Amino acid sequence: MQVMEISSKDMEVCSNSILDVKVDASFRKIPKNAICFHIWKIEEDRLEAEPKALYGNFVDDCAYIIYAAGSKGTYVNQDTITRETKSGTYLERFIHFWLGEKVSEQKRSNVAHKIQELDSYFNNIATEYRETQGNESARFLSYFRKGFTILSSNLIGSKNPNRLYQLHGRKWLRCIEMDSISWDYFGSDYIMLLKTETNTFIWIGRSSSIAERRSALDWITKLGVNINDVTIVDDGYEQSMPEKLKNQWNAFLPLSQRVVSQISALADIQHSNKLKIYKCGYRGTRLHLDQMDVVIPTKEDLSDTSTAYVLDGFLQGVWLWVGNMAPHQDKISAMGNGRAFVKKKKYPYSTPVIRVVQGHEPVEFIRLFPNWPIDVSESITPIKPTSTVFKRFDALTLSQRPKMAADTQLVDDGSGERKIYQVTKDQVIEKPAAKTVIFLTNHCYVVEYTVMLPTTCLADAQNVGISTIIYQWNGSEANTDDTTHCERFAMSTFEKLKQKSMFVQMSEYDETPHFLQIFDGKLIILQSDRSMSYHNNIINSINNNNINVNYINSETALLNRDYFVLRIYGDTSYNSKAVEVYPLTSMNAKECYVVKTTHVWVWCGQSSTGDAREMAKNVGNLLGECSLIVEGKEPKEFWRSVSMYMSQPLINGCSSSSNSSNSSSVSPQNGSYINNNNATSLTKLRLLPQLFLVWLQRGKFYAKEVIGYEQNDLAPECTFVLDTGLLSYLWLGRQASTYEKEKYMKLAQQYLESVPIARRPTTAVAVIRQEEEPNTFKGLFETWDHNMWNNYVTYDMKRQNIMKHGNAAHMNGTIINGLNGNGLVPPVLKNNQKDFDRHHKYPIVILQQEIDLLPPEVNPLKREVHLTHDDFVSLFNMSFWEFDELPAWKKQELKKKFKLF
């Protein structure tokens, strides 16, 4: 066990040892039972309440305190109006302290003591977040849904009206005021805003996202800029501005000094879903952290409620969980201990630190524990529907009630048409329609399912949302070649469909409820010939006859074997399946099995439910005439028919008595083989749904959580993951980048590997497109408006409007910034320009160097594509697309002339 020791000198701020903390008068003005949102700024010697008008504006040398309180399951923000609730109403309370990058040590100390006062005022139960500039938490960002501004302390009081702002953020735009106007602040990932007395220039970095660009065009209205005074400038096209505007630009940012690098505001965080847990304990005055042996964290790991635990999420954050029986001192010293831990581990200063108190854990903390019990009365997706009788969930009801569809994850009742294909690396075989569906663990299958729409009502059809589902199922023993070909076939089928559709990829053990429902809970999964070779030898010895192992790869032949055992999972048609068990080491008293010998037996453990027995009987009936038997009441015929099979080393034998219901059932001939321990059945992970914005940038994966999500958070320029635990929905916006639309499975896989939840990377993924959402997705939102995107104004449309009214209008249709006077790329140039602009750009002198001195991503034979448009025109006296039309010999001659070959 690893032990870490922390002394008081390691702490950023020593805790206040006085238990009766004096509370600032500004805090005492807040009603204790109020839903509210407040911000205070820390000055050197005092606390100042921020006026509402300044919410969302921060100064980079200041520290701020934010207090947010709301009813459980609701989310407050900067626009929340204070309103008192009934005494005793449970409120979720959050305290954030935000530190600007230039904040002084004195202000850091002051803010640490002030949050202790505020926390004390609310009985030390609030969740506390330590926030730093540029590394704000998802919850902090959710308070400022339209973005926020960070002002330069160096310019406070300056009378100079000229300002340079750096804008970035795909979901929450950060507008950062620069200390001066200089090329040093420019980066191709950013959007820069140069605001002068007479004009406003919006400079678009070539690597910025469409979402950032659209938000930046909206931001000018927030700054009170007249649209007629706006000029849009593209990265690398500055020289293309009209002469008058270019002269104005040069007065602030001389183009002769232009240097734009590939700077990114994104922290290079190494994602990890492996949490380390440490138990805190004092030995004298020193804090000792004992690392626990935990692979997948469970709530039971936090068993000692009289102490605190540290959950180390690496750079993604350090959590301090304090038990409700812990000393008061542990609660107020937790943040200091967390910062000491970060320093001891040599994590960056910006590493988030969060303190939570038992019984008041926020959803961000709860989702780190896959088995954390969820209050189904408050959950959008309860663990299980209130009724296990599926007849209540018919196709019509599910189409009319999307929330029910989301709760059960059932698109319809499974009565639609299906086509099943078996896919290998060499071929695709459509399986004949059959009542009994058998999958093999070493095979891959694609199921094309036509959704049942039992009504022609337009509203119901809109709610259902899709017509076809393409399911890909990979067996646990399938080889890589087969799974790769299966994925290609499934994706190709999905992409060729003209009607609204969804693609779901899953693996054995991770089947979704609707997938099981289309087989009415009777899907049979048999082991492959590789797994059964030993089994065949046993059967041969039992029967003294030869079994032809060559037919074992046939599903029907496997089902016709003389001996096998199926374990029944689930108790309804949408969570049930039958899986072959081999080798069979025990039978659990809480479960049901179908045993095929000379007869078909449905064996039910004493603790199994009636519903589970019914599902087992349904499977047994598929195999022929069956007999239902209960543990402890097995007839002699059962033992006689299974005696040879059960006497093999497949079964663990031990002596026990069968007189007690809690004991093991005993075969008169073979001893005990019933295991009464907790079932090892597959637990399905159900979470409170969480929305993540996901993207790939220069080969790296990024994910940002959206706390308190709504439908309007689904920006058409972006890609999102809505994670329910059972299924992760990947939502593709219509305006998302072509790369993301083509690499959607790569995005999904990287999300599963990096999200901070311990789970298999084979968790089911559903791919859906904007305006083709199924009811199982729509029902996960509080409200859903089918017409929300009807009049959506895209970035291109906004840009075109500015180009028509702004400074660059009336240019006689000439090409400026790679666009014509209407703000649109001429169709004949679009593909060439996109190909040219997507490359990393370098100054001419760097590209003219010897081959061994070139940047690694530069192809020596294609150096010209790494020039900016302006540099290209200055060298070749023509645009790239004009150059690209030249004969190959002519292009090579010109490149040699300018030392680019």
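Bear in mind that the values here come from a model prediction, so they are computed numbers and not experimental data.

1. Thoughts on the overall build of the protein chain
Then comes step 1: Along the backbone of the protein chain there are 25 helices and 40 strands.
Then comes step 2: Split into buried and exposed, the 901 residues of the protein chain put 57% on the buried side.
Then comes step 3: Intrachain contacts of the protein chain at a sequence separation of at least 6 include 70% that bridge at least 24 residues.
Then comes step 4: By element, 49% of the accessible surface of the protein chain is carried by carbon and sulfur atoms, the whole surface being about 39100 Å².

2. Description of the state of the cysteines
Then comes step 1: For the structure on display, the rule yields zero disulfides.
Then comes step 2: Between Cys-444, a cysteine without a disulfide, and Cys-486, which holds the nearest cysteine sulfur, the sulfur-to-sulfur distance is 4.7 Å.

3. Notes on the sheet that holds strand β23 (residues 444-450)
Then comes step 1: Pairing is mixed in the open sheet, where 10 strands are placed in the order β21-β20-β23-β24-β25-β40-β39-β38-β36-β37. Every interior strand has two partners, whereas the edge strands, β21 (428-430) and β37 (700-706), have only one. For this sheet, the mean angle separating the axes of adjacent strands, direction not counted, is 20°.
Then comes step 2: As judged from the five bridges shared by strand β38 (residues 719-723) and strand β39 (residues 728-732), these two strands associate in the antiparallel manner. Of the residues in β39, the one forming a bridge with Phe-720 is Trp-731.
Then comes step 3: Of the strands in this sheet, β20 (418-423), β21, β23, β24 (468-474), β25 (501-507) and β40 (765-769) touch helix α11 (residues 480-496), which is tilted by about 180° from β24.

4. Let's talk about the environment of Lys-195
Then comes step 1: Relative to the elements of secondary structure, Lys-195 occurs in strand β12 (residues 191-195).
Then comes step 2: Those residues in contact with Lys-195, other than ones at most four positions away along the chain, are Pro-161, Asn-162, Arg-163, Tyr-165, Thr-200, Leu-223 and Val-225.

5. Some details on α11
Then comes step 1: Spanning 17 residues, α11 covers 24 Å between terminal C-alpha atoms, matching the ideal 24 Å at 1.5 Å per step.
Then comes step 2: Every buried residue of α11 is accounted for by Asp-482, Thr-483, His-485, Cys-486, Ala-490, Met-491, Thr-493 and Phe-494.
Then comes step 3: Among the residues of α11, the N-terminal cap falls to Asn-479, whose side-chain oxygen and the backbone nitrogen of Asp-481 are separated by 3.2 Å.

6. A look at the pairing of strand β14 (residues 230-234)
Then comes step 1: By the criterion of burial, β14 is predominantly enclosed, with five of the five residues buried.
Then comes step 2: Crossover handedness for the path strand β13 (residues 200-204) to helix α4 (residues 210-222) to β14: right-handed.

7. Things to note about unusual backbone geometry
Then comes step 1: The phi dihedral of Asp-520 falls on the positive side, at around 60°, and the residue is not glycine.
Then comes step 2: Note that Asp-520 resides in the loop between α12 (513-517) and β26 (524-526).
Then comes step 3: Overall, the relative accessible area of 36% leaves Asp-520 in the partly exposed class.
Then comes step 4: Positive phi, close to 60°, is recorded for Lys-899, a residue that is not glycine.
Then comes step 5: Take Lys-899: it is sitting in the segment after α25 (888-897).
Then comes step 6: The exposure class assigned to Lys-899 is exposed, which follows from its relative accessible area of 58%.

8. Describing the nonpolar core
Soluble globular proteins tend to pack their nonpolar side chains together in the buried interior.
Then comes step 1: By size, the foremost hydrophobic cluster in this structure holds 125 residues, and its most contacted members are Trp-249, Leu-311, Phe-365, Phe-439, Phe-515 and Ile-524.
Then comes step 2: No other element matches helix α15 (residues 610-622), which puts five residues into this core.
Then comes step 3: Apart from residues no more than four positions distant in its own chain, Trp-249 is found in contact with Trp-183, Phe-186, Leu-194, Phe-201, Trp-203, Val-233, Met-241 and Leu-255.
Then comes step 4: Phe-27, Tyr-121, Tyr-278 and Ala-326 belong to the second largest nonpolar core, which has 38 residues in total.

9. Here we look at the pattern of salt bridges
Pairing between side chains of opposite charge can happen when the charged atoms of each approach one another.
Then comes step 1: On inspection of all chains with the given rule, the structure shows 37 salt bridges.
Then comes step 2: Each of Arg-206, Asp-235, Glu-238 and Arg-258 takes part in one network of salt bridges that share partners.

10. Some remarks on α4
The α-helix winds at 3.6 residues per turn, so residues separated by three or four positions along the chain end up facing the same way.
Then comes step 1: An ideal rise of 1.5 Å per residue puts 18 Å on 13 residues; α4 measures up with 19 Å between its terminal C-alpha atoms.
Then comes step 2: Residue Gly-224 follows α4 closely and has a positive phi angle near 70°.

11. Quick notes on the packing of aromatic side chains
Then comes step 1: What the rule picks out here adds up to 58 aromatic pairs.
Then comes step 2: Pairing Tyr-67 with Phe-122 gives two aromatic rings, centres 4.5 Å apart and planes at 5°, and the pair type is stacked. Separated by 55 residues along the polypeptide, Tyr-67 in strand β5 (residues 63-71) and Phe-122 in the loop between α2 (105-121) and β8 (127-132) bring together distant segments of the chain. Exposure class is identical for Tyr-67 and Phe-122. Each is buried.
Then comes step 3: Judged by centre distance (6.0 Å) and plane angle (85°), the rings of Phe-365 and Trp-372 are edge-to-face.
Then comes step 4: Grouping aromatic residues by their ring pairs yields a cluster made of Phe-37, Tyr-55, Phe-58, Tyr-64, Trp-98, Phe-140, Tyr-143, Phe-144 and Phe-148.
Then comes step 5: Its guanidinium or amino end placed over the ring of Trp-372, Lys-299 lies 4.7 Å from that ring's centre, counting from NZ or CZ.
Then comes step 6: Seen from the ring of Phe-494, Arg-769 lies directly overhead, with NZ or CZ sitting 4.1 Å from the centre.

12. Side note on the packing of α4 against helix α20 (residues 795-805)
Then comes step 1: Where α4 meets α20, the axes come as close as 9 Å, and the angle between the chain directions of the two elements is 40°. Considering the angle they form, α4 stands oblique to α20. Seen along the crossing, α4 lies across α20 with a hand that is left-handed. Judged by residue contacts, Ile-210, Arg-213, Arg-214, Leu-217, Asp-218 and Ile-220 of α4 engage Tyr-795, Lys-798, Arg-799 and Ile-802 from α20.

13. Notes on the confidence of the model for the protein chain
Then comes step 1: Looking at the protein chain, pLDDT values average 84 and 84% of them are 70 or higher.
Then comes step 2: Confidence drops under a pLDDT of 50 for residues 533-553, and excluding neighbours within four residues, the segment shows 29 contacts in the predicted structure.
Then comes step 3: Contacts for the low-pLDDT stretch residues 647-674, under 50 throughout, to residues beyond four places or in other chains number 63 contacts.

14. Quick look at the sheet that holds strand β27 (residues 564-569)
Then comes step 1: Spatial ordering of the open sheet is given by β22-β26-β28-β27-β30-β31-β32, a layout of seven strands whose pairing is mixed. One side of each edge strand has no neighbouring strand; the edge strands of this open sheet are β22 (438-440) and β32 (626-630). Across the sheet, the mean angle separating the axes of adjacent strands is 25° when strand polarity is ignored.
Then comes step 2: Most of the contacts of α15 go to strand β30 (residues 592-596), to which it runs at about 20°, and overall it touches β26, β27, β28 (577-580), β30, β31 (600-604) and β32.

Rules of the game
- Residues numbered from 1 in each chain as written.
- Predicted model: local features only at pLDDT ≥ 70, side-chain atom pairs only at ≥ 80, totals over all residues.
- Heavy atoms only, no water.
- Helix = DSSP H or I, 4+ residues; strand = E, 2+ residues; numbered from the N terminus.
- Buried < 20%, exposed > 50% of the residue type's maximum accessible area, 1.4 Å probe, protein only.
- Contact = heavy atoms within 4.5 Å.
- Areas by Shrake-Rupley, 256 points an atom, 1.4 Å probe, with all protein chains shown as cover.
- Disulfide = S-S within 2.5 Å.
- Pairing = 2+ DSSP bridges.
- Axes fitted to C-alpha atoms, helices over the stretch in contact; angles between N-to-C directions.
- Expected span 1.5 Å × (residues − 1).
- Polar contact = N/O pair within 3.5 Å; in protein donor to acceptor, adjacent residues only side chain to side chain.
- Right-handed = clockwise from strand over helix to strand, strands pointing away.
- Core = buried A, V, L, I, M, F, W, Y, C linked by side-chain atoms within 4.5 Å.
- Salt bridge = Lys/Arg side-chain N within 4 Å of Asp/Glu carboxyl O.
- Phe/Tyr/Trp six-rings, centres within 6.5 Å; stacked < 30°, edge-to-face > 60°.
- Lys NZ or Arg CZ within 6 Å of the ring centre and 35° of its normal.
- Parallel < 35°, antiparallel > 145°, perpendicular 65-115°, else oblique.
- Left-handed = near helix turned anticlockwise from the far one by under 90°.
- pLDDT = per-residue confidence, 0-100.

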